[in-house]
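# Coordinates in review
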There are 2 protein chains.
Amino acid sequence: MSELSQRSGVPVPTIKFYLREGLLPPGRAAGATRAHYEDRHLRRLRLIRALADVGGLRLEDVRRVLAAVDDERATLHEVLASAHSRLSSTEAEASEESRTRVARLVRKRRWRVAADSSHALALARALDALDAVGDPLPQEALEGYAQVFADLAVRELASIDVESPEAAAREAVVRTILIEPVLVTLRRLAHEDRSARVFRTRRPARARAGAASAPVPRRSR
Amino acid sequence: MSELSQRSGVPVPTIKFYLREGLLPPGRAAGATRAHYEDRHLRRLRLIRALADVGGLRLEDVRRVLAAVDDERATLHEVLASAHSRLSSTEAEASEESRTRVARLVRKRRWRVAADSSHALALARALDALDAVGDPLPQEALEGYAQVFADLAVRELASIDVESPEAAAREAVVRTILIEPVLVTLRRLAHEDRSARVFRTRRPARARAGAASAPVPRRSR
């Protein structure tokens, strides 16, 4: 077990907890205090850690994903979906209007997603947040972004390791979650660059005329 | 002031706080208890709210952005950058290796970004997180994503309202922050669709052979 701990980076007490909870199958007994653990134990440990630590899944949700991994009748998509669908929260509601907009997008793109997809609900909430500050995202802009990510998804999923369902589910969760901050910060960098190019000298005339530092009364003109 | 509160959606006590702090210029006095507020007050209030509520900026950072807005010598890029650069945290460090990778990307793309760009640091940290779980993002993949967001940034910044620096800074912050969850959830939806298409039936043979439900000992074959 100490070797398993070393190779996986998971502390021994945590491994014992997973064994007790039935998340990790027991090793093959080798004497009273020793057991043999194999690659499948390592694969499963890495999946559990990815689900719990990276994906933030609760123990009961980790258990459901492992059940899908172990269900030999489940397709690989069902295994991936069991993990992936729990990454977006379904706790908060979204407006009817935004949910309708998302449904229209999904229909138009002929996306095969669950009728109660947690990602669709999360998207509707994100649209609500833009509405709330008075900057609604036009449907054409939403569709433009959808096109970008549909194109990306083809490349992104092509490189998923399908050697084992554990490894595939782990990779799907890790990449989905941990690449998101990469994309978000790349977009910010690209905006920083673009702003430097486009707005290098531009200062609107009206602003020059109307600007006033905070404590100074408005100039009469 | 109650009309200003109504039009901006900002409560009167909060407006009074902004006036006391010098974030909002005083209205033109109209008698002992009344003052006239104008469109520029409304614009500024909306900017302050966007910076504080959407962007999560601290009061001292809001103040710095407003100073850039009021500085007539500042270019529009300097105004936008004053707000935009504070959206990524600079608190945590990143590894030398990841910072070098980001610097290489910035050089290759000839991106015009600050030498100490907070977004560059945040990107390096995001790369570190992938390294930490043993799934480093290859440099070609990073460059592929960068290309996607460089293309998007051209369209995204073209539609920024440059009527006033307040409005432009507000829009830059609101769109950067509030569109991020839209993009992240669109990507998750696109992955859900793609997985349904690609992995509908595929279940690797090795997995079928090796799979075992958690509490069952390994089958002998």
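Computed from a prediction, not measured in an experiment: that's the story for all the values here.

## Side note on the interface of chain B and chain A
A common way to state how big an interface is: give the accessible area lost once the parts meet. Across the contact, 105 residues belong to chain B and 103 residues belong to chain A. Roughly 9600 Å² is buried in total at the junction of chain B and chain A, and carbon and sulfur atoms are behind 61% of that figure. At the junction of chain B and chain A, the tally comes to six salt bridges. Across the pair Glu156 of chain A and Arg187 of chain B runs a salt bridge whose closest N-O atoms are separated by 2.9 Å. Where chain B touches chain A, the interface holds 36 residue pairs in polar contact (both at pLDDT 80 or more). Elements with a minimum of two residues in the side of chain B that touches chain A: helix H3 (39-54), helix H4 (59-70), helix H5 (76-84), helix H6 (96-109), helix H7 (118-132), helix H8 (139-158), helix H9 (165-198) and helix H10 (205-210) of chain B. The greatest single-element share of the side of chain B that touches chain A, amounting to 27 residues, is contributed by H9 of chain B.

## Topic: the side chain of Ser82 of chain A
All names here are of chain A. By the element assignment, Ser82 lies in helix H5 (residues 76-84). Taking relative accessible area as the criterion, Ser82 reaches 11% and is therefore assigned buried. Contact partners of Ser82, with chain neighbours within four places excluded, come to Val65 and Ala68.

## Side note on the relation of the copies chain B and chain A
Of the transformation superimposing chain B on chain A, the axial component is 0.0 Å and the angular component is 180°, with the fit at an RMSD of 0.0 Å. Read as a symmetry element, the transformation amounts to a two-fold axis. Taken as a fraction of all interface residues of chain B, those also at the interface in chain A reach 98%, which identifies the copy contact as same-surface.

## Examining the packing of helix H8 (residues 139-158) of chain A against H8 of chain B
Orientation of H8 of chain A relative to H8 of chain B, taken along the N-to-C sense of each, is 175°, at an axis distance of 12 Å. Overall, the two elements H8 of chain A and H8 of chain B adopt an arrangement that is roughly antiparallel. Packed against H8 of chain A, whose contacting residues are Tyr145, Val148, Phe149, Leu152, Arg155 and Glu156 of chain A, the element H8 of chain B presents Tyr145, Val148, Phe149, Leu152, Arg155 and Glu156 of chain B at the interface. In terms of residue class, the contact of H8 of chain A with H8 of chain B is made up of eight nonpolar, no polar and four charged.

## So, H8 of chain A
With 20 residues, H8 of chain A extends 29 Å between its outermost C-alpha atoms, agreeing within 8% with the 28 Å of an ideal straight helix rising 1.5 Å per residue. Turning to H8 of chain A, its buried residues are Gln139, Leu142, Tyr145, Ala146, Val148, Phe149, Ala150, Leu152, Ala153, Glu156 and Leu157 of chain A.

## Let's talk about the packing of aromatic side chains
Counted under the stated rule, the structure contains three aromatic pairs over all chains. Seen from their ring centres, Phe17 of chain B and Tyr18 of chain B are 6.0 Å apart, and the 50° between their planes marks the pair as tilted.

## Here's the deal with the pattern of salt bridges
All told, the structure shown has 36 salt bridges over all chains when counted by the stated rule. Of the charged contacts, one joins Arg43 of chain A and Glu166 of chain A as a salt bridge, the two residues approaching to 3.8 Å between their closest N and O atoms. In this pair, Arg43 of chain A is assigned in helix H3 (residues 39-54) and Glu166 of chain A in helix H9 (residues 165-198), connecting sequence segments 123 residues apart. The exposure class of Glu166 of chain A is buried, given its relative accessible area of 9%. In this structure, Asp70 of chain B and Arg44 of chain B form a salt bridge, with 2.4 Å as the shortest nitrogen-oxygen distance. One end of the pair, Asp70 of chain B, is in helix H4; the other, Arg44 of chain B, is in helix H3, and 26 residues separate them in sequence. In this structure, Asp70 of chain B and Arg44 of chain B share a single accessibility class: buried. The network of salt bridges with common partners includes Arg58, Asp61, Arg64 and Arg86 of chain A.

Parameters at a glance
Residues numbered from 1 in each chain as written. Chains lettered and ligands numbered in written order. Predicted model: local features only at pLDDT ≥ 70, side-chain atom pairs only at ≥ 80, totals over all residues. Heavy atoms only, no water. Contact = heavy atoms within 4.5 Å. Buried area = accessible area lost by both parts, 1.4 Å probe. Salt bridge = Lys/Arg side-chain N within 4 Å of Asp/Glu carboxyl O. Polar contact = N/O pair within 3.5 Å; in protein donor to acceptor, adjacent residues only side chain to side chain. Helix = DSSP H or I, 4+ residues; strand = E, 2+ residues; numbered from the N terminus. Buried < 20%, exposed > 50% of the residue type's maximum accessible area, 1.4 Å probe, protein only. Least-squares fit on C-alpha atoms with pLDDT ≥ 70 in both. Axes fitted to C-alpha atoms, helices over the stretch in contact; angles between N-to-C directions. Parallel < 35°, antiparallel > 145°, perpendicular 65-115°, else oblique. Nonpolar A, V, L, I, M, F, W, Y, C, P; charged D, E, K, R; others polar. Expected span 1.5 Å × (residues − 1). Phe/Tyr/Trp six-rings, centres within 6.5 Å; stacked < 30°, edge-to-face > 60°.

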